[in-house]
2 protein chains.
Amino acid sequence: MNAAVDFSLDAWSQPRLQAVEAALSTWVTADTVPALGWGAPSGLVDTMRYAVLDGGKRLRPLLALAAYEAVNPEPGAQQPSAAALRAACAVELIHAYSLVHDDMPCMDNDVLRRGKPTVHVQFGEAAALLAGDALQALAFELLTPDDGSVPLAVQGRLCAVLARAAGSTGMAGGQAIDLASVGQSLDEQSLRHMHQLKTGALLKASVMLGAACGQASETAQRALADYGRALGLAFQVMDDVLDVTADSATLGKTAGKDADHDKPTYVSLMGLERSRRYAQELLEEAHTALAASGLANTAALAALADRVLHRNH
Amino acid sequence: MNAAVDFSLDAWSQPRLQAVEAALSTWVTADTVPALGWGAPSGLVDTMRYAVLDGGKRLRPLLALAAYEAVNPEPGAQQPSAAALRAACAVELIHAYSLVHDDMPCMDNDVLRRGKPTVHVQFGEAAALLAGDALQALAFELLTPDDGSVPLAVQGRLCAVLARAAGSTGMAGGQAIDLASVGQSLDEQSLRHMHQLKTGALLKASVMLGAACGQASETAQRALADYGRALGLAFQVMDDVLDVTADSATLGKTAGKDADHDKPTYVSLMGLERSRRYAQELLEEAHTALAASGLANTAALAALADRVLHRNH
């Protein structure tokens, strides 16, 4: 990890986060589409912007950009490529829509998210439902521009990866297992399977989308998939740890809600200390995968994995 | 329309409907994905299948297949091409998800659909929400197979068309306008705009997706877009007519609900007879567009337009 010694994740992240925020603000818009003669209705767009902008750690976009740069190093470049920026924002839109729907009364019935009222509290349930639906579609719109910035074949590949990570064998599938497991006792294997789908699939997809925007070798792709898988699981284990150790103000969402909802978690299954150790082991797996990737420019990916383990919210 | 004299829509539709039903049943599945080592959770898949299978007129898939065959005539072929079949099923999945979400208590709160209890009545609201979300993702999964049956560049193009038709400048946008217009009086232009988004965008996309699977000339594409636009609007005008003239048993859903919900409709705006005449004019526009397409094999598209006007449910 010598290459990472001089690497500042904050310095690396700052211009990229700015680019992601600016792009999201540009793309989640009511502007008229010339080919159609109309834009999205402003009420719907207001709801979508509330759900997406000014919030979140943007871990998934940063993973996508870091993976792209690992595969396509351009030393000194501070601004992401157009394709990678679209991939980064698309995966964030899927994440944002999932939070909107997950917070709804028929799901987790949560009222606080990123320190603000949740979307359905602010705009009503029907608006939240529609905004989530529209955000999912918008993710695929972002991946398929007609301006030539993303080659058509890459567009197809990106949509393939994102759709599978979002759908019934990915995020939505994991949420369905989560829903069915309330009040059940899951063993470690079942809990891991649920999280691989619910959170892991989209985190891994973030990495793979970034890689797909560049020209990753088979070896690099396999290693990045291993990295994404380990990071995704570490993220969820730490989420469970933070749910019991952090307060709502730090989390920006209701703390202790998993335990309150009688949901199985790593902490309920293996206790706090063993959960922390497990997250540490997964972090080491992620670093090992990067070392095996044959890629030189993995400092950002390595630092993002470290931050997943050491975050406090 | 001489070519249409000997054309039987029923005979044309029958093998194609069988192919669509079989494909939907195959693709909405809990089967293990070899690359993942797992499949979609069976409870989620049961809900998705309930929402998709054994119901619906499959107008959108038939439009996609008819447009493909107009562009790519293979006389005597009874089975659709793999790409066109995927496009046909993908657009139906988007339609099916929209019905699931639209029926939910926070939206139309409907309990009857295609003569069966709606999805949230049968499986609960959370399951309905997740199944709808997963069906939207599955539509994009269908368009992006890794088996070589759809060229990567065509995959990108198909995803672009479908995402825009489903999203905030298409179906979801139209539903948002619909939601905001309850109890409002819309003028004809605003009502048309709402329907162009809410139903028209996806019907037009059905046609354009089929065309995109073939090699449509610019002229043919423009004409097919005009056909799709006129047909989409005619469909909605007739939907409003049927809402007041048909009974629930024939419709397979609750009749009179738009009037009950104080929603603006063509019938409330222009009366029953003028609505019927308007639908007839739109049908003629659709036929004119087909004649201008330069395509020879448009009998199925012509017959589908006729059926939209003369359907009783």
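Residues numbered from 1 in each chain as written. Chains lettered and ligands numbered in written order. Predicted model: local features only at pLDDT ≥ 70, side-chain atom pairs only at ≥ 80, totals over all residues.

1. Some points on the overall build of chain A
A count of helices and strands for chain A gives 14 helices and two strands. Taken against the 2.2 N^0.38 rule, which gives 20 Å for 313 residues, the C-alpha radius of gyration of chain A at 19 Å falls within 12% of a compact globule. Principal-axis analysis of the C-alpha atoms places the extent of chain A at approximately 55 × 50 × 30 Å. Counting the 313 residues in chain A, one finds 55% classified as buried. (Helix = DSSP H or I, 4+ residues; strand = E, 2+ residues; numbered from the N terminus. Rg over C-alpha atoms; globule rule 2.2 N^0.38 Å. Buried ≥ 20, exposed ≤ 12 C-beta atoms within 10 Å, placed from the backbone.)

2. Details of the relation of the copies chain B and chain A
Turning chain B through 180° and shifting it by 0.0 Å along the axis lays it on chain A, with an RMSD of 0.0 Å. In the structure described here, the two chain copies are related by an operation that fits a two-fold rotation axis. Interface overlap between copies is the fraction of interface residues in one copy that are interface residues in the other; for chain B against chain A it reaches 100%, indicating a shared surface. (Least-squares fit on C-alpha atoms with pLDDT ≥ 70 in both. Contact = placed C-beta atoms within 7 Å.)

3. Here we look at the interface of chain B and chain A
Each partner contributes residues to the interface: chain B has 48 residues there, and chain A has 48 residues. Where the side of chain B that touches chain A is concerned, the elements lending two or more residues are helix 2 (42-52), helix 6 (125-143), helix 7 (152-166) and helix 8 (171-180) of chain B. If you tally residues by element for the side of chain B that touches chain A, the top one is helix 6 of chain B, at eleven residues. Its residues placed into classes, the side of chain B that touches chain A shows 29 nonpolar, 13 polar and six charged. (Nonpolar A, V, L, I, M, F, W, Y, C, P; charged D, E, K, R; others polar.)

4. What about helix 14 (residues 299-310) of chain B?
Residues and elements named next belong to chain B. Helix length check: helix 14, at twelve residues, gives a terminal C-alpha distance of 16 Å against a target of 16 Å (1.5 Å per residue), a fit within 8%. Taken together, the buried positions of helix 14 are Ala299, Ala300, Leu301, Ala302, Ala303, Leu304, Ala305 and Val308. Summarising the contacts, the buried residues of helix 14 are in contact with helix 1 (9-27), helix 3 (59-71), helix 10 (218-245) and helix 13 (266-292). (Expected span 1.5 Å × (residues − 1).)

5. So, the environment of Leu65 of chain A
Residues and elements named next belong to chain A. Its place among the elements puts Leu65 in helix 3 (residues 59-71). Judged by C-beta crowding, with 29 C-beta atoms within 10 Å, Leu65 ranks as buried. Separated by 133 residues in sequence, Leu65 and Lys198 have C-alpha atoms that sit 22 Å apart. In this view, Leu65 contacts Arg16, Pro80, Ala84, Ala88 and Gly210; residues no more than four positions away in its chain are not counted.

6. Remarks on helix 1 of chain B
Count 3.6 residues to each turn of an α-helix, and residues three or four apart come out pointing the same way. Residues and elements named next belong to chain B. For helix 1, built from 19 residues, the straight-helix expectation of 27 Å at 1.5 Å per residue is met to within 8% by its first-to-last C-alpha distance of 26 Å. By the burial criterion, the buried members of helix 1 are Ser13, Arg16, Val20 and Leu24. Buried residues in helix 1 make contact with helix 2, helix 3 and helix 4 (82-102).

7. Points about the nonpolar core
Ranked by size, the top nonpolar core spans 218 residues in total, and within it Leu162 and Ala234 of chain A together with Leu162 and Ala234 of chain B carry the most contacts. Setting aside its immediate chain neighbours within four residues, Leu162 of chain B contacts Ala90, Val91, Ile94, Ala139, Leu143, Ala205 and Leu209 of chain B. (Core = buried A, V, L, I, M, F, W, Y, C linked by C-beta atoms within 7 Å.)

8. Comments concerning the confidence of the model for chain A
Averaged over every residue, the pLDDT of chain A is 91; residues scoring 70 or more account for 93%. The ipTM assigned to the predicted complex is 0.94, against a pTM of 0.94. (pLDDT = per-residue confidence, 0-100.)

9. Looking at unusual backbone geometry
Residues and elements named next belong to chain B. Here Arg58, not a glycine, exhibits a phi torsion of approximately 60°, which is positive. By the element assignment, Arg58 lies in the loop between helix 2 and helix 3. By the C-beta count within 10 Å, which is 20 here, Arg58 ends up buried. Here Asn109, not a glycine, exhibits a phi torsion of approximately 50°, which is positive. The topology assignment puts Asn109 in the loop between helix 4 and strand 1 (112-113).

10. Comments concerning the packing of helix 10 of chain B against helix 14 of chain B
Residues and elements named next belong to chain B. Running from N to C, helix 10 and helix 14 cross one another at 20°; their axes reach a closest spacing of 9 Å. Taken together, the axes of helix 10 and helix 14 are roughly parallel relative to one another. When you trace helix 10 past helix 14, the crossing you get is left-handed. Touching Tyr227, Leu231, Ala234, Phe235 and Met238 of helix 10 are Leu301, Ala305, Val308 and Leu309, all from helix 14. Considered class by class, the residues forming the contact of helix 10 with helix 14 number nine nonpolar, no polar and no charged. (Axes fitted to C-alpha atoms, helices over the stretch in contact; angles between N-to-C directions. Parallel < 35°, antiparallel > 145°, perpendicular 65-115°, else oblique. Left-handed = near helix turned anticlockwise from the far one by under 90°.)

11. A short note on the environment of Leu142 of chain A
All names here are of chain A. Take Leu142: it is sitting in helix 6 (residues 125-143). Judged by the 25 C-beta atoms lying within 10 Å of it, Leu142 falls in the buried class. Taking the C-alpha atoms as reference, Leu142 lies 22 Å from Ser13; in sequence the two are 129 residues apart. If sequence neighbours within four positions are ignored, Leu142 has contacts with Trp27, Arg86, Cys89, Ala90 and Leu93.

12. What to know about the environment of Asp226 of chain B
Residues and elements named next belong to chain B. Structurally, Asp226 is set in helix 10. The class for Asp226 is partly exposed, based on 19 C-beta atoms found within 10 Å. Separated by 22 residues in sequence, Asp226 and Lys204 have C-alpha atoms that sit 8.5 Å apart.

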